[in-house]
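The lines below spell out each chain.
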Amino acid sequence: MSGTFDKSVIIVTGAVGGIGSATARLLVEAGARVVLTDVVRDGGAELADELSAHGDVSFTPADLTDEDAVRAVVAHALDRFGRLDGAFNNAGISQAGTPLVDLASADFEKVLRINTVSVFHCLKHQMAAMTEGGSIVNTSSGLGVMGALNQAGYIASKHAVCGLTRAAAVEGAERGIRVNALLPGTVRTQMQVAAHGSAASPAVLERTRQLHLLGRMGEPEEIGYLARWLLSDEASFVTGSLLPVEGGLLAGRRL
């Protein structure tokens, strides 16, 4: 792959959401052929039709917690395009704010299955299909390397994504496959709204200002630009990295 991708084939999971769709657009603009997948069917075909005006794009729905479904997504990419060069494993869910002592085991396990087990399934089958090397980017979180109140399930799941990323980077190196993770902060997406409320509300804006040194939440495209770079050969000496893209969330606080 090069900085312009030259028709490289890339899978984007969680493609219907804000970060996924923004990244897919950026990849198509750079010349990639993209397979979109999401457990959400509404909007997937429409997004593929929209992006197909600018490149070669396909949508196939899948529940990534089901290993057979992930196997089918990878097979779809190979059947449609004949190869697989990269993947952006971005699918995930948030967790309602619940103290650890009150968190139901079923809710804890659900978050881990969607945020972590699905990434394992994706890595397993994507790496096996990348016979000529490639690049994989996983979406973790700033909370993948820190703690916070009432988010035990989400935090555990995103810490695990960081661990999977580094394990896969070690094993992928001999295959010519780079594996990295992004650590976003608060980003203007529907998942953010579901977890914290409207991005326009004074309370959310103040919380965001206090948490992030840049004093604002991120935009989906700001995550997408870094994902696209990591997927390209411009990042050819980067693997096993956990890259913050979080407006200073991890750097410190204004005291």
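Just above, that's the structure.
The rules behind the values
- Residues numbered from 1 in each chain as written.
- Predicted model: local features only at pLDDT ≥ 70, side-chain atom pairs only at ≥ 80, totals over all residues.
- Heavy atoms only, no water.
- Axes fitted to C-alpha atoms, helices over the stretch in contact; angles between N-to-C directions.
- Helix = DSSP H or I, 4+ residues; strand = E, 2+ residues; numbered from the N terminus.
- Parallel < 35°, antiparallel > 145°, perpendicular 65-115°, else oblique.
- Left-handed = near helix turned anticlockwise from the far one by under 90°.
- Contact = heavy atoms within 4.5 Å.
- Nonpolar A, V, L, I, M, F, W, Y, C, P; charged D, E, K, R; others polar.
- Expected span 1.5 Å × (residues − 1).
- Buried < 20%, exposed > 50% of the residue type's maximum accessible area, 1.4 Å probe, protein only.

(A) Representation of the packing of helix H4 (residues 105–129) against helix H5 (residues 152–173) in the model. As a packed pair, H4 and H5 sit with axes 8 Å apart at the nearest point and diverge in direction by 15°. In terms of orientation, H4 lies roughly parallel with respect to H5. Seen along the crossing, H4 lies across H5 with a hand that is right-handed. Only Ala152, Gly153, Tyr154, Ala156, Ser157, Lys158, Ala160, Val161, Leu164, Ala168, Glu171 and Gly172 of H5 make contact with H4, whose side of the interface consists of Phe108, Val111, Leu112, Asn115, Thr116, Val119, Phe120, Leu123 and Met127. Residue classes in the contact of H4 with H5 are distributed as 14 nonpolar, five polar and two charged.

(B) Up close: the environment of serine 232. With respect to the helices and strands, serine 232 occurs in the loop between helix H8 (220–231) and strand S7 (242–245). Separated by 18 residues in the primary sequence, serine 232 and leucine 214 place their C-alpha atoms 27 Å from one another.

(C) View of H5. The first and last C-alpha atoms of H5 sit 32 Å apart over 22 residues, in line with the 32 Å expected at 1.5 Å per residue. Considered for burial, the residues of H5 that qualify are Ala152, Gly153, Tyr154, Ile155, Ser157, Lys158, Val161, Cys162, Thr165, Ala168, Ala169 and Gly172.

(D) Broad picture of the packing of helix H3 (residues 67–81) against H4. Following both chains from N to C, one finds H3 and H4 inclined at 30°, their axes separated by 9 Å at the closest point. For the element pair H3 / H4, the angle class is roughly parallel. In this structure, H3 meets H4 at a crossing whose hand is right-handed. Counted together, Glu67, Val70, Arg71, Val74 and Leu78 of H3 and His121, Cys122, Lys124, His125, Gln126 and Ala129 of H4 form the full contact between these two elements. Here the contact of H3 with H4 is built from residues that sort into five nonpolar, three polar and three charged.

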